Every structure is written in C-alpha cells, then in structure tokens.
Amino acid sequence: NGKSAAIAITTHGSDLYWAICAIMITATMVFVGLAATKPRHHRIFHYITAAITMVAAVAYFSMASNLGWTPIDVEFQRNNPVVRGVNREIFYVRYIDWFITTPLLLMDLLLTAGMPWPTVLFVILVDEVMIVTGLVGALVKSSYKWGYFAFGCAALAYIVWELVWTARKHASRLGSDIGKAFVSCGSLTAFLWILYPVAWGVCEGGNVISPDSEAVFYGILDVLAKPVFGALLIWGHRGIDPGRLGL
Ligand code: RET
C-alpha cells in the first residue's frame with residue numbers, strides 16, 4: 001500500500017528468528033546436561049555458557065514474535081536516498097541480550113586464560129560501554145549516531161587487543177592445552193566480534209540492507225558466537241582442571 005507510512009520491517013525474519021530460538025534452547029539443554037555429568041566444582045564453564053544461550057533464546061523468542069523493537073527515522077532509504085520520514089525497525093532487544101551475554105562470553109574467555117579479576121572486570125566494563133554506545137547510536141536519528149558508533153569501535157579495539165595479545169600470552173604460560181583451548185575460542189571471537197559493527201553499519205547505522213537481511217546477518221553471527229563458540233569452549237576444557245585457572 002503506497003499510501004501508508006513507509007517502514008522497513010522484517011517480513012520473513014520471523015521464521016529464521018524462531019529457528020534460532022530453537023537452536024538456543026537446544027544448546028542450553030545440552031550445556032546444562034553436560035554440566036550434570038561433571039562434579040559441581042568442574043561446572044563453571046558449562047554454567048556460564050548455558051546462561052549465554054538461555055538469554056539469547058528469550059531475545060530470539062521476542063524478535064520472532066515481532067516484539068522488542070521500535071521504529072526509528074532513517075535518513076537513507078535503500079534505492080531511494082532522498083526520501084525522508086522513513087522508518088526502520090530497530091530491535092533494541094538485541095542490546096539487552098548483548099548487555100548480559102557479551103560479559104559472560106568475555107568471562108568464559110578471560111577465565112580460560114586465567115586472567116586476574118581486575119583485568120576481567122575492566123574488560124567487561126569497557127564491553128558494557130561498547131554495547132550501550134551501540135544501543136544509543138541505534139536509537140539516535142541524526143548522524144550523531146556515528147559518534148556513538150566510533151566510541152563503540154574504540155572499545156571493541158581495546159577488547160580485541162586484550163584477547164589476541166594479553167590473554168593469549170597469559171593462557172599459553174599456563175600450559176599448552178590451556179593455550180590451545182584459548183586460541184581456538186579467542187580467534188573465533190575476535191573474528192566474529194569485528195563483524196558485529198559491520199552488521200550494525202549496514203543495518204541500524206546506514207539502513208543499507210533490509211531487516212530481512214539483518215535477520216540473516218546477525219543470525220549467523222549469533223549462532224556462531226554463542227552455541228558454536230560454547231561447544232568449542234566446553235570441548236577445549238575437557239582435560240583442564242579448573243583449579244589450574246584459580247577457579
Ligand atoms: C555495536 C555497535 C557499536 C560499535 C560496536 C558494536 C559491537 C558489538 C559486538 C557485539 C557482539 C555481540 C555478541 C553477541 C552474542 O552472540 C554495539 C554493534 C563495536 C561486538 C558476541
């Protein structure tokens with residue numbers, strides 16, 4: 001209907017969001033089930049990882065149900081760069097998910113590397129700055145959104161540096177098995193996390209790709225960054241006594 005207010009909204013995303021919700025629920029059950037096979041003091045990584053997919057399951061339930069979003073005016077509309085007064089569906093629920101899950105993902109990694117708690121705390125606080133700047137930037141209508149984006153990218157640069165340099169060296173000093181477990185999960189994380197601001201730039205930021213494509217882009221990233229990452233991490237810990245990490 002050409003007369004109704006234009007809004008870029010997902011039409012096919014819901015099916016994909018339901019599928020990913022199911023993946024997150026299944027992964028949560030597997031991680032909790034695996035925890036039950038271990039003595040209680042060997043469950044820390046199972047519990048952290050299960051909490052990550054549990055939170056994501058609720059976020060995906062929301063998006064699949066077409067909830068957790070708000071229309072935001074966009075300055076640029078694909079194929080029609082001069083039209084004003086156009087909206088885009090912005091899923092703020094993603095950021096509630098990320099605010100909880102990205103610190104947990106960092107705990108998974110930094111505890112694997114045996115990092116001291118002040119470092120873990122500071123990296124998590126910087127991560128929270130990154131997520132909040134992303135949320136505020138997504139809700140801001142003017143091009144000031146790119147200022148928030150820049151702050152978020154600076155925060156991500158620091159986090160990636162801590163992972164690929166400081167924590168990697170720390171992990172390898174604790175033993176080659178710990179070093180290997182960290183490098184596989186740490187490299188996957190560094191690679192995937194750098195793609196999130198790319199997705200943000202073409203979705204919430206620049207409105208270049210449609211909300212349907214956004215569902216695919218963030219969807220693939222989230223499945224790799226949560227359940228696949230979690231499986232790799234728990235597998236990596238199979239021969240490692242948490243006592244060696246000070247846990
Ligand atoms: C934003 C926009 C602002 C700049 C940057 C971002 C990075 C977000 C990241 C999110 C990671 C999410 C994960 C979710 C769980 O699966 C907020 C998009 C740098 C890195 C891993």
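Calculation criteria
Residues numbered from 1 in each chain as written. Predicted model: local features only at pLDDT ≥ 70, side-chain atom pairs only at ≥ 80, totals over all residues. Heavy atoms only, no water. Helix = DSSP H or I, 4+ residues; strand = E, 2+ residues; numbered from the N terminus. Buried < 20%, exposed > 50% of the residue type's maximum accessible area, 1.4 Å probe, protein only. Near = heavy atom within 4 Å. Polar contact = N/O pair within 3.5 Å; in protein donor to acceptor, adjacent residues only side chain to side chain. Areas by Shrake-Rupley, 256 points an atom, 1.4 Å probe, with all protein chains shown as cover. Nonpolar A, V, L, I, M, F, W, Y, C, P; charged D, E, K, R; others polar.

S.K.: Is there a simple way to think about unusual backbone geometry in this case?
M.R.: The bulk of non-glycine residues show a negative phi, and the bulk of peptide bonds are trans. Backbone geometry places N66, a non-glycine residue, at a positive phi of 60 degrees. Structurally, N66 is set in the loop between α2 (44-64) and β2 (70-74). Residue N66 is classed as partly exposed on the basis of its relative accessible area, which comes to 33%. In the Ramachandran plot, N207 falls in the positive-phi region, its phi being about 55 degrees despite a non-glycine side chain. Summarising the element assignment, N207 is placed in the loop between α6 (176-205) and α7 (211-236). For N207, a relative accessible area of 3% puts it in the buried group.

S.K.: What should I look at first to understand the site of the ligand in this one?
M.R.: In the region of the ligand, 16 residues are neighbours, and W98, G152, W193, Y196 and K226 sit closest. Within the contact set of the ligand, an oxygen atom lies 3.5 Å away from a side-chain nitrogen or oxygen of D222. Between K226 and the ligand, the recorded distance is 3.1 Å, taken from a side-chain N or O atom to an oxygen atom. Contact with the protein chains hides 100% of the accessible area of the ligand, taken as 540 Å² for the molecule alone. If you list the elements that add at least two residues to the shell around the ligand, you get α3 (93-112), α4 (117-139), α5 (145-173), α6 and α7. Here the shell around the ligand is composed, by residue class, of 11 nonpolar, three polar and two charged.

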